[in-house]
Each structure stands twice: as structure tokens, then as C-alpha cells.
Amino acid sequence: MTGPLVAVTGASGAVGGRVAARLTGAGAPVRLLGRDPSRLPRLPGAVAAPPAAYGDADAMRRALDGAHTLFLVSAHESPGRVAEHTTAVDAALAAGVERIVYVSFLGAAADATFTFARDHWHTEEHLRASGVRHTFLRDSWYLAGIPAMTGPDGVLRGPAGEGRVSAVSHEDIADAATAVLLDAGTDHDGATYDLTGPEAFTLAEAAEELSRHTGRTIRYVPETEQEAYASRARHGAEDWEVTGWVTSYEAIAAGEMAVVSDAVPTLTGRPAANLADYLREHPDSYRHLLPET
């Protein structure tokens, strides 16, 4: 194993797990971080750190001791997420980490329509102010979310209007992140990469693509803001979480998710997957939408 030690957070998740596997496959020394080490993947050459939650400064500092680079996957949404992120960043600096690659969100800004994107902006600002070498990977919506958010009734609903979204696959995010992490130089320092698919589509167009793959009619039903809050109230989630769900669609309507970037092909050397590609390669993602036989 050669190269600087990379600490990977969220290694039991969809992004962190893929990145960890790619890094170890490339021969990089990797340390896996998580709150529950028993959930971490078993990868040849990877070492699991002691349990560490983002908000536990001492545990994070111990887990990161000796690491050169931190791949920081954002924490689960919560009212205290920014505080968790800043605690993790400060712990990394105290442990001597020299470089942080942070998974942010497309359109992150203090006044972003999507409320969770504001958390990412505040985290980015903390990283900038810290002086540590950093790179921001601003992911768009996940392509996996398109079929996942479509109900068994064949309806994809939300207040997205006729806005467009440049959704991206987990695989493309992981490949792009791995390329940045394996580059030991300084070319990526201070860079912000918008990780998107190759096209921006409306949710009505997404429904048409789902229809082609499932063999049944999938519809997009645009909601008003009031209808969106009402339709999600039955889940019993807290107000801040429901607001995040609703504003994620409203960000599409506002045009904040329509950016199409060439970052994925530039970093990986191959085209990014579009929705048709994703559905063709992941038939299990829409199994719940298939007509009964």
C-alpha cells in the first residue's frame, strides 16, 4: 500500500462505501470511520477506526490521528448538522489532517432554496476559514432518487414545476471523488466541482423514462407548496425535515438544480451516466413500479 493515508467517513453508506472500495482497489492506504464499526465494509488493506461520531471531537481526533487526507461525507440531516460538521473539521485539524475533500451539494449557498443546501454552504465556509487544503464536491440529486421517490401508484409528485435537474449517479460521484483523492498534488486545492449528470431533465421527462423501463404509465404530478406539505405530513416527520423534502423540489422549480457540468468526465475520463443509463443498469431501483403479473 502506497501513498498518504486517507480517512473515509460514511464508509457504510452509498458514497463512502464506493469510494473506500475504489481507493483500496487502487492500493491506497485507507482508514474507515463510522459510528458503528460493525457496519463498516471489510475491504482488503482497509483498517477500521474506533467508533467516532462527527459531534464527538475527542473520538474524531483519535480516529483521524495519523491520517493525511479526510474524505468527509456530510452527516445525516438534522438541526445540528452544521455543528457536527464543524466539530469534525476542527477535530481533523487537531489530529494533523492536511487535506479535506468534502461532499457538498449543488447550489450550496446561504440563501439556497433547498434548506439542507444551506448547511453545506456553512460547512464550506468553515473549511475555507480554517486554512486547510480543501476540495468541494457539489453533488446534484441522485439518479437513484428518481425511482425511489416515485410511489407504487406510479406517481412522482412534488412542487418542482417545469424545472430541470441534472441528477448524477452514485458511481459517478465515487469515481470522481476517487480521482481527486488519489491525486497527491495540489491541482484540486481550493477547487469546487459540480458533479452532475450529462443532462438536466424535468420530472415529467423522468416519468416518461420510467414508463419506458417499467412498461406502465408513470406520471409526474406537480404540487403546490401547500399540497406538498400536506402530502408529506402523513409521514410524521419533524417540521425541519419536511421542509427539507419540499424545498428540494422547489429548488428544481427555481432553476437551482439545472446546472450541467463536465466535472465527471473531466475527472474520470469517461461520460457521466444519464437517467436511461442508470435505469438500464439498475433494474432493482424500479422493481416496486413494475406491473403485477
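Rules and cut-offs
- Residues numbered from 1 in each chain as written.
- Predicted model: local features only at pLDDT ≥ 70, side-chain atom pairs only at ≥ 80, totals over all residues.
- Heavy atoms only, no water.
- Helix = DSSP H or I, 4+ residues; strand = E, 2+ residues; numbered from the N terminus.
- Rg over C-alpha atoms; globule rule 2.2 N^0.38 Å.
- Buried < 20%, exposed > 50% of the residue type's maximum accessible area, 1.4 Å probe, protein only.
- Contact = heavy atoms within 4.5 Å.
- Areas by Shrake-Rupley, 256 points an atom, 1.4 Å probe, with all protein chains shown as cover.
- Pairing = 2+ DSSP bridges.
- Axes fitted to C-alpha atoms, helices over the stretch in contact; angles between N-to-C directions.
- Lys, Arg positive; Asp, Glu negative; His and termini not counted.
- Salt bridge = Lys/Arg side-chain N within 4 Å of Asp/Glu carboxyl O.
- Phe/Tyr/Trp six-rings, centres within 6.5 Å; stacked < 30°, edge-to-face > 60°.
- Expected span 1.5 Å × (residues − 1).
- 1 Å grid on protein atoms, 1.4 Å probe; cavity = no way out; pocket = protein on both sides within 12 Å on 5 of 7 lines; lining within 4 Å.
- Points joined across faces, edges and corners; volume = space filled by probe spheres on them.
- Nonpolar A, V, L, I, M, F, W, Y, C, P; charged D, E, K, R; others polar.
- Core = buried A, V, L, I, M, F, W, Y, C linked by side-chain atoms within 4.5 Å.

Draft legend 1. View of the overall build of the protein chain. Each helix and strand in the protein chain was counted, giving eleven helices and nine strands. The C-alpha radius of gyration computed for the protein chain amounts to 19 Å, which stays within 12% of the reference 19 Å derived for 293 residues, consistent with globular compactness. Evaluated residue by residue, the protein chain yields a buried proportion of 50% over its 293 residues. By sequence separation, contacts in the protein chain at least 24 residues apart represent 75% of the contacts at least 6 residues apart. If you sum the accessible surface of the protein chain, you get close to 12700 Å²; carbon and sulfur atoms cover 50% of it.

Draft legend 2. Structural detail: the pairing of strand β8 (residues 192–195). By the alternation rule, side chains of β8 split into Y193 and L195, which are all buried, and T192 and D194, of which none is buried. Bridging between strand β6 (residues 133–139) and β8 involves four bridges; their strand directions are parallel. Of the residues in β8, the one forming a bridge with F136 is T192.

Draft legend 3. Up close: the sheet that holds strand β1 (residues 6–8). Pairing in this open sheet of seven strands is parallel, and the strands run β3-β2-β1-β4-β5-β6-β8 from one edge to the other. Each edge of the open sheet carries a strand with a single partner, namely β3 (46–48) and β8. Strand-to-strand twist across the sheet, computed as the mean angle between neighbouring axes with direction ignored, equals 20°. The sheet contacts of helix α1 (residues 14–25) involve β1, β2 (30–32), β3 and β4 (69–72), and relative to β1 the element is tilted by about 150°.

Draft legend 4. Representation of the side chain of D139. Within the secondary structure layout, D139 lies in strand β6. Despite its burial, D139 pairs with no opposite charge, the nearest such side chain being R138 at 9.5 Å.

Draft legend 5. Focus on the packing of aromatic side chains. Tallied over the entire structure, the rule returns five aromatic pairs. Summarising the aromatic geometry, the rings of W141 and Y249 are spaced 5.4 Å apart at their centres and angled 90° between planes, so their arrangement reads as edge-to-face. Note that W141 is positioned in the loop between β6 and α5 (145–148) and Y249 in helix α9 (residues 239–253), a separation of 108 residues in sequence. Both residues of the pair, W141 and Y249, count as buried.

Draft legend 6. Just the environment of G161, in detail. Here G161 lies in the loop between β7 (155–158) and α6 (170–182). It is 9.8 Å that separates the C-alpha atoms of G161 and Y220, two residues lying 59 residues apart in sequence.

Draft legend 7. Region of interest: helix α7 (residues 203–214). Counted at 1.5 Å a residue, the expected span for α7 with its twelve residues is 16 Å, and the 16 Å between its end C-alpha atoms agrees. Residues of α7 that are buried include every one of L203, A206, A207, E209, L210, S211 and T214, and no others. Buried residues along α7 sit in contact with α5, β7, β9 (219–222), α9 and α11 (275–281). Two residues or fewer after α7 comes G215, characterised by a positive phi angle close to 75°.

Draft legend 8. Structural context of the layout of surface pockets. Within this model, the second largest pocket holds a volume of roughly 180 Å³. Residues of the lining of the second largest pocket, tallied by class, amount to nine nonpolar, five polar and three charged.

Draft legend 9. Representation of the nonpolar core. Grouped together as the largest cluster of nonpolar side chains are 56 residues, with contacts concentrated most on L64, F71, I100 and L195. Top contributing element to this core by residue count: α6, with six residues. Those residues in contact with L64, other than ones at most four positions away along the chain, are A7, R31, L33, L70, A88, A92, A95 and V97. Within the second largest apolar cluster, 30 residues are counted, among which are A117, W141, L143 and I218.

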